[in-house]
Amino acid sequence: MKTLGIIFGNLHDKDIGELTTVRSLASVPFGGRFRLIDFVLSNMVNSGITKVGIITKTNYQSLMDHVGNGKHWDLSRKNGGLIMLPPYGNGDMNLLQSRFGAIKNIRQFIKHSDEEYVVMSDCDNVCNINLAEVIQSHIDKHADITVAARNKELVNKKPRPIFVVSLDGRVTKVTNTDKESGERTVFANILVMNRQFLLNIIENAAELNYNSFRKDILAKNTAKYRIFACMLDGYFANIDSLGNYYKHSLELLNKDIRDELFYRDGANIYTKVRDSAPCKISATATVSNSLIADGCVIEGEVRNSILFRGVHVAEGAKISDSIVFQDSVIGKNSSLHCVIADKLVNILEGRTLSGHETHPYFIAKSAII
């Protein structure tokens with residue numbers, strides 16, 4: 001069951017533009033010391049996938065720094081391993097705006113691979129799933145395409161695919177979320193195909209007038225192709241807005257969710273290892289229900305918050321229901337409530353900043369307030 005993994009690193013950058021101005025979506029920090037790409041990479045490695053290509057478009061310096069040669073995911077290998085796939089010199093950047101366009105741009109990489117199956121995943125899924133089960137379902141049902149899906153209560157109108165699934169799991173219809181409400185079976189942004197089947201689609205795209213996986217391949221071909229849905233269970237978060245990033249980040253303060261996400265069935269989530277000093281909590285500090293990364297110095301009050309590596313909270317400062325990225329400094333007697341502060345932010349003494357749980361206040365990287 002040799003499988004090639006493909007990750008789309010920039011596909012939904014515009015969904016959380018506040019955090020992707022200086023980085024790709026794949027390298028957005030999450031959970032105190034992780035990046036979003038850690039989850040899909042770990043899922044692939046835990047499922048036995050040893051060759052993974054990451055499609056990138058722009059702002060991928062921090063992503064390259066984070067994943068390196070893939071050694072932290074056991075992907076530093078002579079054969080296969082982790083491969084970065086930036087735009088080719090003559091590539092059309094407009095192609096990379098869609099999932100299908102990005103795949104067309106790396107067709108030579110797919111063609112020269114020898115794996116029988118291909119798993120394609122977006123990088124905005126926060127989950128711990130066994131992709132080997134999805135691949136096996138694809139094989140058992142002799143499917144042309146298998147989509148990972150989940151049941152979700154629709155609360156927004158973003159146009160994402162809705163699958164109507166028969167009792168045997170076959171997809172019989174594909175519509176959009178902007179026309180539906182209530183609990184529906186939705187696309188989890190993960191696809192499985194036979195590699196040769198995918199190549200045939202790419203090479204005949206012009207003749208077939210295919211430009212989009214969702215509209216042209218899935219929605220128009222439920223009768224022509226054997227398209228099946230493999231239902232996922234367990235914790236699953238889709239990071240498609242700043243509000244959802246904030247909401248799902250703070251969900252990690254719930255131990256049950258944290259344990260299910262990071263240690264489900266013995267499958268861990270891996271990330272780049274950094275050697276830094278332990279967190280220092282002084283006698284003047286108060287910390288409750290928070291995730292505090294190594295290298296932090298806490299002299300003030302931290303409640304219901306997530307602090308990344310190297311954050312300094314000065315004496316008298318108060319942080320509540322907030323997320324503070326790496327190496328930021330919160331000055332004396334300052335107060336943060338429902339705030340997302342990017343890296344290297346410096347909050348001077350006596351400042352008061354507040355957002356709301358439905359609309360957190362965002363502070364850009366390296367800002368001084």
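Residues numbered from 1 in each chain as written. Predicted model: local features only at pLDDT ≥ 70, side-chain atom pairs only at ≥ 80, totals over all residues. Heavy atoms only, no water.

## Points about the overall build of the protein
Now for step 1: Tallying secondary structure elements over the protein gives 11 helices and 28 strands in all.
Now for step 2: The C-alpha radius of gyration of the protein comes to 21 Å, within 12% of the 21 Å expected for a compact globule of 369 residues.
Now for step 3: Looking at the 369 residues of the protein, the share that counts as buried comes to 53%.
Now for step 4: Taking the intrachain contacts of the protein between residues at least 6 apart in sequence as the baseline, contacts between residues at least 24 apart amount to 58%.
Now for step 5: Surface exposure of the protein reaches about 16000 Å², of which carbon and sulfur atoms provide 47%.
Now for step 6: Averaging the locations of the 44 positively and 40 negatively charged side chains of the protein gives two centres separated by 4 Å. (Helix = DSSP H or I, 4+ residues; strand = E, 2+ residues; numbered from the N terminus. Rg over C-alpha atoms; globule rule 2.2 N^0.38 Å. Buried < 20%, exposed > 50% of the residue type's maximum accessible area, 1.4 Å probe, protein only. Contact = heavy atoms within 4.5 Å. Areas by Shrake-Rupley, 256 points an atom, 1.4 Å probe, with all protein chains shown as cover. Lys, Arg positive; Asp, Glu negative; His and termini not counted. Charge placed at Lys NZ, Arg CZ, Asp CG, Glu CD.)

## Points about the sheet that holds strand 14 (residues 280-281)
Paired through backbone hydrogen bonds, the strands of a sheet run either parallel or antiparallel to each other.
Now for step 1: Here five strands make up an open sheet; going across it, the order is 14-17-20-23-26 and the pairing parallel. At either margin of the open sheet sits one strand with a lone partner, and together these are strand 14 and strand 26 (346-347).
Now for step 2: Sheet topology note: the strand 23 (residues 329-330)/strand 26 ladder contains two bridges and is parallel. When the sheet's bridge partners are listed, isoleucine 330 is paired in strand 26 with isoleucine 347. (Pairing = 2+ DSSP bridges.)

## Some thoughts on the side chain of threonine 222
Now for step 1: Note that threonine 222 resides in the loop between helix 9 (213-219) and strand 12 (227-231).
Now for step 2: The residues touching threonine 222, leaving out its near neighbours within four places in the chain, are Arg170, Val171, Thr172, Lys173, Val174 and Ile227.

## Quick notes on the nonpolar core
Now for step 1: Among the nonpolar cores identified, the biggest contains 60 residues, and Ile7, Ile37, Leu41, Val126 and Tyr245 are the most heavily contacted of them.
Now for step 2: Tallying contributions element by element places helix 2 (residues 36-46) first for this core, with seven residues.
Now for step 3: Other than its neighbours up to four places away in sequence, isoleucine 7 contacts Ile37, Val40, Leu41, Met44, Val52, Gly53, Ile54, Ile55, Ser121 and Cys123.
Now for step 4: Residues Phe187, Leu191, Leu199 and Ala229 belong to the second largest nonpolar core, which totals 35 residues. (Core = buried A, V, L, I, M, F, W, Y, C linked by side-chain atoms within 4.5 Å.)

## Describing the sheet that holds strand 15 (residues 286-288)
Now for step 1: With parallel pairing, five strands are arranged side by side in an open sheet as 15-18-21-24-27. With one partner strand each, in any of the chains shown, strand 15 and strand 27 (352-354) form the two edges of the open sheet. Within this sheet the neighbouring strands show an average axis-to-axis angle of 5 degrees, counted without direction.
Now for step 2: Bridge analysis of strand 24 (residues 335-337) against strand 27 gives three bridges, and the strand direction is parallel. Following the sheet pairing, serine 335 is matched in strand 27 by threonine 352. (Axes fitted to C-alpha atoms, helices over the stretch in contact; angles between N-to-C directions.)

## Some remarks on the packing of aromatic side chains
Now for step 1: This structure, assessed with the given rule, holds 10 aromatic pairs.
Now for step 2: Linked through ring pairs, Phe30, Phe34, Phe39, Tyr245, Phe262, Tyr263, Phe308 and Phe325 together constitute an aromatic cluster.
Now for step 3: Sitting above the plane of the phenylalanine 8 ring, arginine 99 keeps its charged end 5.9 Å from the centroid. (Phe/Tyr/Trp six-rings, centres within 6.5 Å; stacked < 30°, edge-to-face > 60°. Lys NZ or Arg CZ within 6 Å of the ring centre and 35° of its normal.)

## Comments concerning the pattern of salt bridges
Now for step 1: Evaluation of the coordinates by the stated rule reveals 11 salt bridges.
Now for step 2: Taking the shortest distance from any N to any O, the salt bridge between lysine 2 and aspartate 114 comes out at 3.5 Å. Placement of lysine 2 in the segment before strand 1 (3-8) and of aspartate 114 in the loop between helix 5 (107-111) and strand 6 (117-122) is noted, with a sequence separation of 112 residues between them.
Now for step 3: Exposure remark for aspartate 114: the relative accessible area of 53% places this residue in the exposed category.
Now for step 4: The salt bridge involving lysine 272 is made with aspartate 65; its shortest N-O contact spans 3.7 Å. In this pair, lysine 272 is assigned in the loop between helix 11 (255-263) and strand 14 and aspartate 65 in helix 3 (residues 61-67), connecting sequence segments 207 residues apart.
Now for step 5: Judged by relative accessible area, which is 17%, lysine 272 ranks as buried.
Now for step 6: Judged by relative accessible area, which is 44%, aspartate 65 ranks as partly exposed.
Now for step 7: Here the salt bridges share partners, and the residues they tie into one network are Asp233, Arg264 and Asp265. (Salt bridge = Lys/Arg side-chain N within 4 Å of Asp/Glu carboxyl O.)

## A short note on unusual backbone geometry
Now for step 1: The backbone phi angle of aspartate 74 is positive, close to 60 degrees, even though this residue is not glycine.
Now for step 2: As for its placement among the helices and strands, aspartate 74 is situated in the loop between helix 3 and strand 5 (81-85).

## Some remarks on the pairing of strand 6
Now for step 1: Within strand 6, six of the six residues are buried, which leaves the element mostly enclosed by the surrounding structure.
Now for step 2: Of the two faces of strand 6, the one lined by Tyr117, Val119 and Ser121 and the one lined by Val118, Met120 and Asp122 are each fully buried.
Now for step 3: Where strand 1 and strand 6 come together, six bridges link them in parallel fashion. By the bridge assignment for strand 6, isoleucine 6 is matched with methionine 120.
Now for step 4: Relative to strand 11 (residues 182-194), strand 6 runs antiparallel, the two sharing five bridges. Within strand 11, the position partnered with valine 118 by the bridge is methionine 193.

## A short note on the side chain of arginine 35
Now for step 1: With respect to the helices and strands, the residue arginine 35 is situated in strand 3 (residues 34-35).
Now for step 2: No salt bridge is formed by the buried arginine 35; the nearest opposite charge belongs to aspartate 65, separated by 5.6 Å.
Now for step 3: Looking at arginine 35, its side chain comes within polar contact range of the main-chain oxygen of serine 27, at 2.7 Å.
Now for step 4: The residues touching arginine 35, leaving out its near neighbours within four places in the chain, are Ala26, Ser27, Val28, Pro29, Phe30, Ser62 and His66. (Polar contact = N/O pair within 3.5 Å; in protein donor to acceptor, adjacent residues only side chain to side chain.)

## Some thoughts on the state of the cysteines
Now for step 1: Under the criterion given, the structure shown has zero disulfides.
Now for step 2: Lacking any disulfide linkage, cysteine 123 is separated from the closest cysteine sulfur, that of cysteine 127, by 12 Å.
Now for step 3: Assessed through its relative accessible area of 1%, cysteine 127 is described here as buried. (Disulfide = S-S within 2.5 Å.)

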